[in-house]
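Each chain, written out:
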Amino acid sequence: MKAAILYGPKDVRLEEIGTPKVGPGEVLVKIEAALTCGTDAKVFLRGGHPRMITPPAVFGHEFAGVVEKVSDGVERFRAGMKVVVANSAPCNQCFYCRRGRQSLCEDLLFINGAYAQYVNIPSRIVKQNMHIIHEDLSFKEASLLEPLACALHGIEEANITAGDTVVINGAGPIGLLFIQLAKLKGAYVISCDMVGERLDMAEKSGADEIVNVSEVDDEVETVRKLSGGFGVDVGIEAVGNPSVWEKTVSMVRKGGTVILFGGCAPGTKFTLDTEFIHYGELTVKGVFHHTPYYVEKALKLLHLGKINTSCLITGEMPLGKLEEALNKIISHQGVKTAIIPW
Ligand SMILES: [Zn+2]
Ligand SMILES: [Zn+2]
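Residues numbered from 1 in each chain as written. Chains lettered and ligands numbered in written order. Predicted model: local features only at pLDDT ≥ 70, side-chain atom pairs only at ≥ 80, totals over all residues. Heavy atoms only, no water.

1. Notes on the overall build of the protein chain
- Broken down by element type, the protein chain carries 12 helices and 18 strands.
- In terms of overall size, the protein chain behaves like a compact globule, its C-alpha atoms giving a radius of gyration of 20 Å where 342 residues would be expected to give roughly 20 Å.
- Dimensions of the protein chain along its principal axes, counting C-alpha atoms only, are 60 × 40 × 40 Å.
- By the burial criterion, 54% of the 342 residues in the protein chain qualify as buried.
- For the protein chain, the share of sequence-separated contacts (at least 6 apart) that also reach a separation of at least 24 residues comes to 68%.
- Carbon and sulfur atoms make up 49% of the accessible area of the protein chain, which totals about 15400 Å².
- Charge separation in the protein chain, taken as the distance between the mean sites of 35 positive and 40 negative side-chain charges, equals 5 Å. (Helix = DSSP H or I, 4+ residues; strand = E, 2+ residues; numbered from the N terminus. Rg over C-alpha atoms; globule rule 2.2 N^0.38 Å. Buried < 20%, exposed > 50% of the residue type's maximum accessible area, 1.4 Å probe, protein only. Contact = heavy atoms within 4.5 Å. Areas by Shrake-Rupley, 256 points an atom, 1.4 Å probe, with all protein chains shown as cover. Lys, Arg positive; Asp, Glu negative; His and termini not counted. Charge placed at Lys NZ, Arg CZ, Asp CG, Glu CD.)

Written as structure tokens, this is what we have:
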């Protein structure tokens, strides 16, 4: 099969490699579409991922396709079925899983290898996070499942109620999903970013107000003014930058909720104003990844047509142009590109 192999920083090569072998409980999926993602762009720039990818290796993790081969012991799937697979599955046995916190699983099993013609799905993921997709949902659209499940996890932790004012810092793919989900909750949504094209997408995604942070003196003041002077009910950080984490906290009103979703570089820290947190009774939450529950819910939203997918998938390219597609993410051109390996 054809696969994109990552050899090191910015070194990806299209190669012919053996189709993966299918072990007990596993399913071989013929990939019909894979989406580019900020995480893959980071993996491409750094030449790997400390927890998931040691080069040379296949990568890519947002995909959908058709079941090619099913091993003994797999009951829910047969060859020819249209499926989508989320990129991980928890162990359901560790300390955190037993407490219902599967995104904190000590043994989260990840799958990578979406930038290829086939991928083998490990049994644990087959059992928990592989789903049949409806005939009218395209492979590209279904591939949004994983980032949508992540954003859904974040939005549910925010406890937004209808009529709330919500600021979303960052209008990359995850920020744009947060905008759509906050609108579904009935919120008034303010989107902040420093890239004009991204803010155009934020507007198309349903944001009520957009703030270009590179064009205002003080984005915290601007957002507070847009929310009646008190600050927003809910602030969501979808950038992954400690200074934006701090600003997000400052944009929220007393008694409000802050969701810190963007992962920052390891070892970085940020400062909180103790007085504001205490006397302001703020709730500040970190949220990471997804769980099988959110994956299932996210698929339902896609099947119901609740997500505007054209705001998120802005291009299509063959596997041979993966490098170009990843560079588009890095230079903030468009949102996600669908990679078609056939
Ligand atoms: Zn992703
Ligand atoms: Zn676990």
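2. Quick word on the coordination of the zinc ion (ligand 2)
- Those donors, Cys91 (SG), Cys94 (SG), Cys97 (SG) and Cys105 (SG), are the protein atoms that reach the zinc ion (ligand 2), and they lie 2.3 to 2.4 Å from it.
- Its 4 donor atoms give the zinc ion (ligand 2) angles of 102 to 118° at the centre, a pattern that matches the tetrahedral case. (Donors = N, O, S within 2.8 Å, 3.2 Å for Na, K, Ca; no water. Tetrahedral: all angles 85-135°; square planar, octahedral: opposite > 155°, others 65-115°.)

3. Comments concerning the coordination of the zinc ion (ligand 1)
- Around the zinc ion (ligand 1), the protein contributes the donor atoms Cys37 (SG), His61 (NE2) and Glu62 (OE), which lie 2.0 to 2.4 Å from the metal centre.
- Sequence spacing among the residues donating to the zinc ion (ligand 1) works out to C-x23-H-E. Within this pair, whereas cysteine 37 is found in the loop between strand 3 (27-35) and helix 1 (38-46), its partner histidine 61 is found in the loop between strand 4 (57-58) and strand 5 (63-70), the two being separated by 24 residues in sequence. The same class applies to cysteine 37 as to histidine 61, namely buried.

4. Points about the state of the cysteines
- Applying the stated rule across the entire model yields 0 disulfides.
- Lacking any disulfide linkage, cysteine 311 is separated from the closest cysteine sulfur, that of cysteine 37, by 18 Å. (Disulfide = S-S within 2.5 Å.)

5. Concerning the environment of glutamate 219
- Position of glutamate 219 among the secondary structure elements: in helix 8 (residues 219-226).
- Of the residues examined, glutamate 219 reaches a relative accessible area of 15% and is grouped as buried.
- Each C-alpha atom of the pair glutamate 219 and threonine 248 lies 9.8 Å from the other, and the pair is 29 residues apart in sequence.
- For glutamate 219, the residues in contact, after removing those within four places along its chain, are Val213, Lys247 and Met251.

6. A word on empty space enclosed by the protein
- Tallied over the entire structure, the rule returns 1 cavity of 30 Å³ or more.
- By volume, the largest cavity amounts to about 30 Å³.
- If you go around the largest cavity, the residues you meet are Ser88, Ala89, Pro90, Gln102, Leu108, Asn129, His289, His290, Thr291 and Pro292. (1 Å grid on protein atoms, 1.4 Å probe; cavity = no way out; pocket = protein on both sides within 12 Å on 5 of 7 lines; lining within 4 Å. Points joined across faces, edges and corners; volume = space filled by probe spheres on them.)

7. Quick look at the environment of proline 50
- Residue placement: proline 50 occurs in the loop between helix 1 and strand 4.
- In this structure proline 50 comes out as exposed when scored by relative accessible area, which is 80%.
- Considered as a pair, proline 50 and lysine 127 are 77 residues apart in the sequence and their alpha carbons are 26 Å apart.

8. Re the environment of cysteine 105
- Within the secondary structure layout, cysteine 105 lies in the loop between helix 2 (95-98) and strand 8 (109-110).
- Separated by 78 residues in sequence, cysteine 105 and valine 27 place their C-alpha atoms 23 Å apart.

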